[in-house]
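What the coordinates show
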Amino acid sequence: MHRSSRRRLQSGFTVIEMIVIVAVIGIMATIGIPNLLRVIHRAKIEGIARETSTLMQRARSESVRQNVPTVVRFDLTRNEVVAFADVDGVAIATPPDMFYNPVAGQPHRTTDYEIGRYQLPENVLFQEPPADGDGPIKDFTPNGTESVAIFDPNGSI
C-alpha cells in the first residue's frame, strides 16, 4: 500500500521532459513563422490585385453605361488607386484631361465624379515602371508621377 501512494505522488512531468517539449515547440515555431508570414504577405498582395481588378471593372462599366471616359489613376506619391469619370473632357468636346477636378455646385454626373478609391496597405507599394516600359504598371499612360488607364465610352482602354 505504501508503494502505490508513492507512485501517485510522483506522477507528472520531469524538468527534462518539459525542456524537451519547449525545445520541440521552439523548433517548430522557428520553421513555421517565416512560412506563416509569407502566406500573410501573399494574401495581402492577392487582395490588392483583386481590389485593383474590381476597381478597373467598375471604371470600365461606368464608362460604357454613362458614355463618358473614365480614368484609373495609380498615384505613386500617395500610394493609392483612384477611379473617376472624366466628364469635363466630354462636356467641352475635348479629350479627357486625366485629372480629377470636379466643379463645386455642378449637378452630379455633369462634372468629374469619383467611382472608387483605396489606399494601399503599409509596406505595399506600386513601383514606377522602368524606362523600357516593362514594369509592374505596364502599358499605362504616364501622367507626371502617376500612371493612368483611360477607358473610352466604347469600353476600350
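Look up a bit, the structure's there.
Everything in this summary refers to the structure shown in the same document. (Residues numbered from 1 in each chain as written. Predicted model: local features only at pLDDT ≥ 70, side-chain atom pairs only at ≥ 80, totals over all residues. Heavy atoms only, no water.)

**Section: the pairing of strand β2 (residues 80–85)**
- Judged by how many residues are buried, β2 sits mostly within the fold: six of six residues are covered.
- Covered by surrounding structure in β2 are Glu-80, Val-82 and Phe-84 together with Val-81, Ala-83 and Ala-85, the residues of both alternating faces.
- Pairing geometry for strand β1 (residues 70–75) and β2, over six bridges, is antiparallel. Paired with Val-72 across the strands is Ala-83, a residue of β2.
- Where β1 folds back on β2, the antiparallel hairpin that results is connected by four residues, among which Asn-79 adopts a positive phi of roughly 60 degrees.
- Taken together, the six bridges between β2 and strand β3 (residues 113–119) define a ladder with antiparallel strand orientation. (Buried < 20%, exposed > 50% of the residue type's maximum accessible area, 1.4 Å probe, protein only. Helix = DSSP H or I, 4+ residues; strand = E, 2+ residues; numbered from the N terminus. Pairing = 2+ DSSP bridges.)

**Overview of the pairing of β1**
- Burial analysis of β1 places six of its six residues in the buried class, which makes it a mostly covered element.
- On β1, burial covers both faces: Thr-70, Val-72 and Phe-74 on one face and Val-71, Arg-73 and Asp-75 on the other are all buried.

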